[in-house]
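What the coordinates show
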Amino acid sequence: MKEKNPYFVEIPRAMPREVPVALRVLGWGEIYGGFDAGQGEQQAARCIDCGNPYCEWKCPVHNYIPNWLKLAKEGRVFEAATLMHETNPLPEICGRVCPQDRLCEGDCTLADGFGAVTIGAIEKNIVDLAFQQGWRPDLSDVRPSGRRVAIVGAGPAGLSAADRLARAGVSATVFDRYEEIGGLLTFGIPPFKLDKDVVRLRRQVLEGMGVEFRLGVEIGRDLAFDALLDHYDAVFVGTGAYREVAADLPGDRLPGVLPALPFLIANVRRLLRSSPSSNTDRPDPVRFDESGASPDSSAPQTALAPGLRERSVSGSQDLTDLDLRGRHVVVLGGGDTGMDCNRTAIRLGAASVTCVYRRDEANMPGSRREVKNAREEGVRFLFNRQPLQVLGTDRVEGLRVVETRLVADGRGRARPEPVAGSEETLRADVVIVAFGFRPSPPDWCRSAGIELDDGGRLIVGGAGRLPFQTAHPRVFAGGDNVRGADLVVRAVHDGREAAASIVEAFATAQAAAESVTA
Ligand code: FAD
Ligand code: SF4
């Protein structure tokens, strides 16, 4: 008798419904919808429970993936959502924005030959469904501890910490300089990857758990950091990394040269139709200085690759003009931020969008899925090209580039070297610089006794300290300000673990107080 094919062969890997390219470039909606009826269960059933769940280990928060895939297969949506939240305070967001090909799905046993289980899409789908059906985290057994923690930064690190503290009965108040929660989830990642309603819903969920948000408050400007230390038992600092790496090119100050993040933020704010703060002195996301540090910050910096420098971008570029219709746009950089700029420019009506990257495609740091999406939407990729000069007199008129070849010198990634005589000029009206971000420690870090490393990252953990505890015993930190620019899921991990350390510190202090009284 012919043996029945295993399920993972019969049912091929499938992503949820995808909006056709011709439609998706006309709007800002997420490009993936939900699974069709029964399809999510089918996809979850492709997991063979291989016994060596490398996916779990590769997932930075170590999700119990095979266990919740089993629940998803059986249609037990609420139980699956509950299990997902045990390890990940923001599963519907990670399911959308994680570069799964480099994380969980990249190490799925089926990845080689059969197609990995669509872990991220299932994670997103289950939590979306659970929320639609009224599921909410159950905190009915949680008893208030009487402890209060201030969280600086409502990005994924801060939100994750807030979730874990609320579950431990600790009152969490989250401060953010922006008028919405989410950090880069709201103001950096474009809505076609992460709909802003998803973040708004998460805000409602957290508020339902007792988390308080105080938005439009910049610590160090509107409220002193010391005031937090005076009024709260501990502080978690999740302020991100906002110092843009600029291209050190002749002509890079010409109107029409745009740094990536202010470009993306301006577009998101336009879409959110949220008016800029009425306090015109307040650093506003539309403005260029997104560094979070004063331009003359004394934060030490490590060396950058040749040709790059960093700056707190400020100045004259006209970002209110987001109409790219008829313009030729060149995006410099091959990471996820570059892909977001490429795809945003396409939606803003650019006549052409060219992504210039100095290494080859195999060496691109961004998610493969995002490169594929950008290509489908009409982005042209020019690999092995290094920018030399932005051309123009009153504004950008072109970009001079040179071809590169990769040279392996036995020290990490192959180095791009210019090929003599291969210079060419690209047509460009707008050049968007997406070379990444470096830490931007707030000035009050030093005065609060928080140690920084040579690159400006907050130092946490180490001898005599709890994980994610800084040199100040009541201050904890995590996310991009500790790691440098990284991933949402790693910020989520740090917030979760920092909250665990805070709770442990409270327990130790309590035990010490009780032993003195006894
Ligand atoms: P952030 O998200 O930056 O949040 C920090 C918060 O702190 C901000 O809201 C800020 O306003 C607030 N803050 C700072 N200083 C103060 C202060 N003094 N007072 C009050 N508030 C303050 N990662 C992925 O995994 N997938 C992706 O697809 C992806 N795409 C990206 C696209 C772009 C354009 C960018 C820039 C990054 C992307 N990332 C992506 C990276 C990811 O967004 C970050 O790693 C993650 O958001 C870091 O989280 P965080 O909480 O540490 O910091
Ligand atoms: Fe994969 Fe990210 Fe979900 Fe972990 S959190 S299972 S890496 S999508």
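A few points on the structure. The model shown is predicted, which means the values in this text are computed figures rather than measured ones.

**Some remarks on the overall build of the chain**
Helix and strand content of the chain: 18 helices and 17 strands. Split into buried and exposed, the 518 residues of the chain put 55% on the buried side. Taking the contacts inside the chain whose residues are at least 6 apart along the sequence as the reference set, 71% of them involve residues at least 24 apart. Surface summary for the chain: the accessible area is close to 22000 Å², and the carbon and sulfur share equals 51%.

**So, the site of ligand 1**
Close contacts around ligand 1 come from 31 residues, with Val97, Asp176, Lys193, Tyr242 and Asp480 the closest. At a separation of 2.6 Å, an oxygen atom of ligand 1 approaches a polar side-chain atom of Tyr242. One of the backbone nitrogen or oxygen atoms of Asp486 is found 3.1 Å away from an oxygen atom of ligand 1. Two domains share the shell around ligand 1, each providing at least three of its residues, namely domain 2 (148–241 + 439–517) and domain 3 (246–261 + 302–437).

**Examining the environment of Arg24**
Within the secondary structure, Arg24 is located in helix α2 (residues 21–24). Relative accessible area serves as the criterion here: at 3%, Arg24 is assigned to the buried category. A sequence separation of 323 residues divides Arg24 from Arg347, and the C-alpha atoms of the two residues are 8.6 Å apart. Not counting the four nearest positions on each side in its chain, Arg24 is found in contact with Glu18, Val19, Ile31, Arg347, Asn373, Glu376 and Glu377.

**Quick look at the sheet that holds strand β9 (residues 352–356)**
Strands sit in the order β6-β15-β8-β9-β10 across an open sheet of five strands; the sheet is parallel. Unpaired on one side and paired on the other, β6 (257–259) and β10 (380–382) mark the two borders of the sheet. The mean inter-strand angle of the sheet, taken between neighbouring strand axes irrespective of direction, is 25°. As defined by bridge partners, β9 adjoins β10 across three bridges and the pair is classed as parallel. Looking at β10, one finds that Val356 is bridged to Leu382. Packing against the sheet, helix α14 (residues 336–347) makes contact with β8 (328–332), β9, β10 and β15 (430–433), and its axis sits at approximately 170° to β9.

**So, the pairing of strand β2 (residues 171–176)**
Across the six residues of β2, five count as buried, placing the element largely inside the fold. Examined bridge by bridge, strand β1 (residues 148–152) and β2 share five bridges and lie parallel to one another. Within β2, the residue paired with Ile151 across the bridge is Val174. On the question of chirality, the crossover connecting β1 to the parallel β2 by way of helix α9 (residues 156–167) is right-handed.

**Let's talk about the environment of Cys355**
Positionally, Cys355 belongs in strand β9. On the basis of relative accessible area, Cys355 is assigned to the buried category, the value being 0%. A sequence separation of 76 residues divides Cys355 from Val431, and the C-alpha atoms of the two residues are 9.9 Å apart. Apart from the residues lying within four places of it in its own chain, the contact partners of Cys355 are Val331, Gly333, Met339, Asn342, Val379, Arg380, Phe381 and Leu382.

**What to know about the sheet that holds β1**
The strand order β3-β2-β1-β4-β17 describes an open sheet built from five strands, whose pairing is parallel. Edge positions in the open sheet fall to β3 (212–215) and β17 (475–477), since each of these has one partner strand only. The average angle at which neighbouring strand axes cross in this sheet is 20°, direction not considered. Here four bridges tie β1 to strand β4 (residues 234–237), and the two strands are oriented parallel to one another. Among the inter-strand pairings, Ala150 is bridged to a residue of β4, identified as Val235. Packing of α9 onto the sheet brings it into contact with β1, β2, β3 and β4, and relative to β1 it is tilted by some 165°.

**Regarding the packing of helix α6 (residues 77–87) against helix α8 (residues 119–132)**
Between α6 and α8, the shortest axis-to-axis distance is 9 Å and the interhelical angle comes to 115°. Crossing hand, α6 versus α8: left-handed. Within the contact between the two elements, α6 uses Val77, Phe78, Ala80, Ala81, Met84 and His85 and α8 uses Ile122, Glu123, Ile126, Val127, Leu129, Ala130 and Phe131. In terms of residue class, the contact of α6 with α8 is made up of 11 nonpolar, one polar and one charged.

**Concerning the packing of aromatic side chains**
Counted by the stated rule, this structure contains seven aromatic pairs. Ring centres of Trp28 and Phe192 lie 6.3 Å apart, and the angle between their planes is 25°; this geometry places the pair in the stacked category. Here Trp28 is found in the loop between α2 and α3 (39–44), whereas its partner Phe192 is found in the loop between α10 (184–187) and α11 (196–208), with 164 residues between them in sequence. Taking NZ or CZ as reference, Arg177 lies 4.9 Å from the ring centre of Tyr242, over its face. Looking at Arg347, its charged tip hangs above the ring of Phe192, at a distance of 4.0 Å from the centre.

**Observations regarding the site of ligand 2**
Lining the immediate surroundings of ligand 2 are 14 residues, of which Cys59, Cys98, Gln100, Cys104 and Glu123 lie closest. Of all the elements, α8 adds the most residues to the shell around ligand 2, at three residues. Class assignment of the residues belonging to the shell around ligand 2 gives a composition of nine nonpolar, four polar and one charged.

**A look at α6**
Residues spaced three or four apart along an α-helix face the same direction, because each turn holds 3.6 residues. Among all positions of α6, only Val77, Ala80, Ala81, Leu83, Met84, His85 and Thr87 are buried. In this structure, the buried residues of α6 make contact with α5 (65–73), α7 (91–97), α8, α9, α11 and α18 (488–517).

**Regarding the nonpolar core**
Counting 73 residues, the largest nonpolar core has Trp68, Ile122 and Ile151 as its most contacted members. Residue assignment places this core across two domains, with domain 1 (7–132) and domain 2 (148–241 + 439–517) each supplying three or more. Those residues in contact with Ile151, other than ones at most four positions away along the chain, are Gly158, Ala161, Ala162, Leu165, Ala172, Thr173, Val174, Phe175 and Phe236. Grouped together as the second largest cluster of nonpolar side chains are 32 residues, Trp28, Leu264, Val331 and Phe381 included.

**Concerning the pattern of salt bridges**
Here the structure, examined in full by the defined rule, presents 37 salt bridges. The salt bridge involving Lys70 is made with Glu74; its shortest N-O contact spans 3.1 Å. Asp494 is the salt-bridge partner of Arg483, the closest N and O atoms lying 2.8 Å from each other. With Arg483 in helix α17 (residues 480–483) and Asp494 in helix α18, the pair connects residues that are 11 residues apart, well separated along the chain. Several salt bridges converge on common partners, so that one network encompasses Glu18, Arg24, Arg343, Arg347, Arg369, Glu370, Lys372, Glu376 and Glu377.

Conventions and cut-offs
- Residues numbered from 1 in each chain as written.
- Chains lettered and ligands numbered in written order.
- Predicted model: local features only at pLDDT ≥ 70, side-chain atom pairs only at ≥ 80, totals over all residues.
- Heavy atoms only, no water.
- Helix = DSSP H or I, 4+ residues; strand = E, 2+ residues; numbered from the N terminus.
- Buried < 20%, exposed > 50% of the residue type's maximum accessible area, 1.4 Å probe, protein only.
- Contact = heavy atoms within 4.5 Å.
- Areas by Shrake-Rupley, 256 points an atom, 1.4 Å probe, with all protein chains shown as cover.
- Near = heavy atom within 4 Å.
- Polar contact = N/O pair within 3.5 Å; in protein donor to acceptor, adjacent residues only side chain to side chain.
- Domains from an automatic or database assignment.
- Pairing = 2+ DSSP bridges.
- Axes fitted to C-alpha atoms, helices over the stretch in contact; angles between N-to-C directions.
- Right-handed = clockwise from strand over helix to strand, strands pointing away.
- Left-handed = near helix turned anticlockwise from the far one by under 90°.
- Nonpolar A, V, L, I, M, F, W, Y, C, P; charged D, E, K, R; others polar.
- Phe/Tyr/Trp six-rings, centres within 6.5 Å; stacked < 30°, edge-to-face > 60°.
- Lys NZ or Arg CZ within 6 Å of the ring centre and 35° of its normal.
- Core = buried A, V, L, I, M, F, W, Y, C linked by side-chain atoms within 4.5 Å.
- Salt bridge = Lys/Arg side-chain N within 4 Å of Asp/Glu carboxyl O.

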